[in-house]
Number of protein chains: 2
Amino acid sequence: MKKILNRPVDYVDEMLDGLCAAHPDIYAQPSPRVITRAGGATAGKVGLVTGGGSGHLPVFTGYVGRGLLDATAIGDVFASPSAEQMAEAMRRADGGAGVLRLYGNYGGDVMNFDMAGEMLEMEDIASTTVVLADDVASAAPEERAKRRGVAGMIYAFKIAGARAEERASLDEVTTTAQKAADACRSIGMALSPCIVPQAGRPTFELGEDEMEMGMGIHGEPGIWRDKTKPADAITDEMMDRLLADTPLGRDDRVSILVNSLGATPLEELYIMFRRAKARLDDLGVAITMPLVGRYATSMEMTGATMTICRLDGELERLLRAPANCAYWTVT
Amino acid sequence: MKKILNRPVDYVDEMLDGLCAAHPDIYAQPSPRVITRAGGATAGKVGLVTGGGSGHLPVFTGYVGRGLLDATAIGDVFASPSAEQMAEAMRRADGGAGVLRLYGNYGGDVMNFDMAGEMLEMEDIASTTVVLADDVASAAPEERAKRRGVAGMIYAFKIAGARAEERASLDEVTTTAQKAADACRSIGMALSPCIVPQAGRPTFELGEDEMEMGMGIHGEPGIWRDKTKPADAITDEMMDRLLADTPLGRDDRVSILVNSLGATPLEELYIMFRRAKARLDDLGVAITMPLVGRYATSMEMTGATMTICRLDGELERLLRAPANCAYWTVT
């Protein structure tokens, strides 16, 4: 197992301890596996909460910060946090204006966040939900509600976070967050799996010359598995699948995210970005604020995801608004 | 080969094209494989130039930006750029106040940068050199001049960059850069190699349960190779070796960099940071502005480096000064 760790059972807690120790001006851990902004909730601001399994840094914990999220609940690697953790994150995020739950569409997370919402209702804390489901490979357009949430989630975190900083109401922040969620389409591809520390073995197997298209960030099966292709062919297919789901043309404005799942280096992401940009240039689509890097990972998985976020004036303004966490600074 | 690329021969140029296309407000490529700030040289400011092989992003190209470097010359993967490229980078960086060459201690880079300096002398552009040699595993303390430059180089880029922004003279910037270089000690360890695209095979072999301590960022042999150890034992040995080379005690202030060589995820870096911080806490050493992430990589190599940068008042002020590139924003 090519990992630097102590006892697998301590992986998540040691990681969170290190994260908070490295960035004490940004993150705090007021109760186990609940991470908040260092200063806690902001009075009068809608609180934004997410949560999910570990192993995806900077998702989810990383995006707590100014102009972003207020709190997260963190589970074991690739496992949902408990409803009680989620309720605690929501309590910690509440500044008196209500709390938006904004998280990826996975069964355990949905069930536990629903329960957490019910707990908070009994405590007279208003809350709403936007479920993020950007992965076009995980269900057909007619069944969008079944899709998984992947790297495109970060656009919703950023845009909803900026709207909340403007002191918009819970309804307004929820409406904007849903618009951001609806604006995003993602697809992933993998060249190699990752290893869950407590399992100690790869989440799937891929031959030395094989790739998989459409794979999820936990190793969920994709659309096809075959010999690897050149970067431009891979990028073209990813763009084709995204554009089939969200047709774009002249005068459209988008941000795109070329995201490494972990091991794939920046060099390769830029080779993919170059091709994706050429495709959008051909369509007359303008790219604003492109993101290239590691924004949502599966530990050391080799592969990449591509996200298109279609912007209107409001979404672009909020995407460009100031923000600060350990991984994403907008000035 | 678990890589997303087109023809290996196009790897570097496609990567640089993508980098400049993604960040046109930061980077420009006025001549092949010479990257400058988007706005070119700054009149009256000392120009800072580095260079080296590709495959280390964000090093070297990435650290061109405000408060950082002015230009870089980029070679093939793990190969030195030519003297002519280096001379061109220096010309592009010159704002009339002279140019500092600031680069890692590798034979080809030293030879070519010396030649480039001679070329510039004939063109009446003054230049100085600071060679970065922070890797304690690569030579004994008595032979510090033989050491390799690794991740600690980025402290010299940042600190010298901030000093140049203050409009210090070439001599003053050179003195500060040398002080920053002298303040840094690094050591690396690897769990798996990377693959140079044009070679198509790993740079070295390591068994599934093996690690190597003291390895260089191109796969240069380290101090020992043996069974993998727990994260705390690995971190302790790295800290012991760094502290043996630069003893620290109460009232000392340092920045530390826990850097992934590529595939090693943030989660594991935070597990290491947590231990490194505990060691420094025990000594009464204060950590300011710790860095945890991918700052100097070897593409998809698995492993990490640890750097200690011992700060005095000047170095800390300059480390904290504003800077902006695609990978490092200080506000």
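These numbers were taken from a predicted model, which means no experiment stands behind them.

1. A word on the overall build of chain A
- Counting secondary structure elements, chain A contains eight helices and 15 strands.
- Its C-alpha radius of gyration of 19 Å places chain A within 12% of the 20 Å reference for a compact globule of 331 residues.
- Buried residues in chain A amount to 65% of all 331 residues.
- When contacts within chain A are restricted to residue pairs at least 6 apart in sequence, those whose partners lie at least 24 apart make up 74%.
- Total accessible area computed for chain A in this model is approximately 10,800 Å², and 49% of it derives from carbon and sulfur atoms.
- Positive and negative charge centroids in chain A, built from 34 and 47 side chains respectively, lie 4 Å apart.

2. Comments concerning the packing of aromatic side chains
Residues and elements named next belong to chain A.
- Inspection of every chain in the model, using the stated rule, returns eight aromatic pairs over all chains.
- For the pair Tyr103 and Phe113, a centre-to-centre distance of 4.3 Å together with 25° between the ring planes defines the contact as stacked. On the criterion of sequence distance, the pair formed by Tyr103 in strand E5 (residues 99-104) and Phe113 in helix H3 (residues 107-122) is long-range, its members being ten residues apart.
- Through a chain of ring-to-ring contacts, three or more aromatic side chains come together here, namely Tyr63, Phe157, Tyr295 and Trp328.

3. Remarks on the pattern of salt bridges
Residue and element names in this part refer to chain B.
- Scanning all chains against the criterion turns up 72 salt bridges over all chains.
- The partner of Lys179 in a salt bridge is Glu314, with the nearest N and O atoms 2.6 Å apart. Here Glu314 lies in helix H8 (residues 313-319) and Lys179 lies in helix H5 (residues 170-183), a separation of 135 residues in the sequence.
- Lys179 sits in the partly exposed class, given a relative accessible area of 29%.
- Of the charged contacts, one joins Asp281 and Lys277 as a salt bridge, the two residues approaching to 3.0 Å between their closest N and O atoms.

4. As for the interface of chain B and chain A
- With 53 residues of chain B in contact, the opposing surface of chain A contributes 53 residues.
- A per-residue breakdown of the area chain B buries against chain A is headed by Lys2, Ile4 and Glu267 of chain B, which together make up 21% of the total.
- Our count for the chain B to chain A interface comes out at four salt bridges.
- With a closest N to O distance of 3.4 Å, Arg274 of chain B and Glu14 of chain A form a salt bridge.
- One can count 24 residue pairs in polar contact (both at pLDDT 80 or more) joining chain B with chain A.
- Here the side of chain B that touches chain A gets nine residues from one element, more than from any other, and that element is helix H7 (residues 266-283) of chain B.

5. Side note on unusual backbone geometry
- Looking along the chain, the bond that leaves Val59 of chain A and enters Phe60 of chain A is cis, with omega of -5°.
- Take Phe60 of chain A: it is sitting in the loop between strand E3 (47-54) and strand E4 (71-77).
- Residue Pro58 of chain B follows Leu57 of chain B across a cis peptide bond; omega there is 5°.
- Mapped onto the secondary structure, Pro58 of chain B falls in the loop between strand E3 (47-54) and strand E4 (71-77).
- The phi dihedral of Met299 of chain A is positive, around 50°, even though this residue is not glycine.
- Of note, Met299 of chain A is situated in the loop between strand E12 (291-293) and strand E13 (302-311).
- Looking at Met299 of chain A, the relative accessible area reads 0%, which means it is buried.
- Although it is not a glycine, Asp251 of chain B adopts a positive phi angle of roughly 80°.
- Relative to the elements of secondary structure, Asp251 of chain B occurs in the loop between helix H6 (231-245) and strand E10 (253-260).

6. Some points on the packing of helix H2 (residues 83-93) of chain B against helix H3 (residues 107-122) of chain B
Residues and elements named next belong to chain B.
- Running from N to C, H2 and H3 point in directions that differ by 55°, and their axes come no closer than 8 Å. The pairing of H2 with H3 is recorded here as oblique in orientation. Helix-helix and strand crossings are classified by hand; for H2 and H3 the assignment is right-handed. Contacts from Ala83, Glu84, Met86, Ala87, Met90 and Arg91 in H2 reach Asp109, Asn112, Phe113, Met115, Ala116, Gly117, Met119 and Leu120 in H3.
- Considered class by class, the residues forming the contact of H2 with H3 number nine nonpolar, two polar and three charged.

7. Examining the domain arrangement of chain A
Residue and element names in this part refer to chain A.
- By the assigned domains, chain A splits into domain 1 (12-182) and domain 2 (184-311).
- Between the C-alpha centres of domain 1 and domain 2 there is a distance of 23 Å.
- Contact with domain 1, which involves 28 residues of that partner, is made by 34 residues of domain 2.
- With both chains or domains summed, domain 1 and domain 2 bury close to 2,400 Å², and 63% of this area falls on carbon and sulfur atoms.
- For the domain 1 face of the interface with domain 2, the top three residues by lost area are Phe78, Val136 and Tyr155, together amounting to 26%.
- Remark: the boundary between domain 1 and domain 2 carries one salt bridge.
- Asp245 is the salt-bridge partner of Arg147, the closest N and O atoms lying 2.7 Å from each other.
- Within the residue set of the side of domain 1 that touches domain 2, elements represented by two or more residues are E4, helix H4 (153-165) and helix H5 (170-182).

8. Some details on the relation of the copies chain B and chain A
- When chain B is fitted to chain A, the residual RMSD is 0.0 Å, and the transformation amounts to a turn of 180° plus an axial shift of 0.0 Å. Classification of the inter-copy transformation places it as that of a two-fold axis. Using C-alpha coordinates, one finds that chain B approaches the rotation axis most closely at Ala263 of chain B, a distance of 1.9 Å.
- In this assembly, 100% of the residues forming the interface of chain B have copies in chain A that are likewise at the interface, indicating an isologous arrangement.

9. Digging into the environment of Thr235 of chain A
All names here are of chain A.
- With respect to the secondary-structure elements, Thr235 resides in helix H6 (residues 231-245).
- Since its relative accessible area comes to 0%, Thr235 is described here as buried.
- Residues Thr235 and Arg279 lie 44 residues apart in sequence; the distance between their C-alpha atoms is 9.4 Å.
- Apart from residues no more than four positions distant in its own chain, Thr235 is found in contact with Met272, Arg275, Ala276 and Met306.

Cut-offs applied
Residues numbered from 1 in each chain as written. Chains lettered and ligands numbered in written order. Predicted model: local features only at pLDDT ≥ 70, side-chain atom pairs only at ≥ 80, totals over all residues. Heavy atoms only, no water. Helix = DSSP H or I, 4+ residues; strand = E, 2+ residues; numbered from the N terminus. Rg over C-alpha atoms; globule rule 2.2 N^0.38 Å. Buried < 20%, exposed > 50% of the residue type's maximum accessible area, 1.4 Å probe, protein only. Contact = heavy atoms within 4.5 Å. Areas by Shrake-Rupley, 256 points an atom, 1.4 Å probe, with all protein chains shown as cover. Lys, Arg positive; Asp, Glu negative; His and termini not counted. Charge placed at Lys NZ, Arg CZ, Asp CG, Glu CD. Phe/Tyr/Trp six-rings, centres within 6.5 Å; stacked < 30°, edge-to-face > 60°. Salt bridge = Lys/Arg side-chain N within 4 Å of Asp/Glu carboxyl O. Buried area = accessible area lost by both parts, 1.4 Å probe. Polar contact = N/O pair within 3.5 Å; in protein donor to acceptor, adjacent residues only side chain to side chain. Axes fitted to C-alpha atoms, helices over the stretch in contact; angles between N-to-C directions. Parallel < 35°, antiparallel > 145°, perpendicular 65-115°, else oblique. Left-handed = near helix turned anticlockwise from the far one by under 90°. Nonpolar A, V, L, I, M, F, W, Y, C, P; charged D, E, K, R; others polar. Domains from an automatic or database assignment. Least-squares fit on C-alpha atoms with pLDDT ≥ 70 in both.

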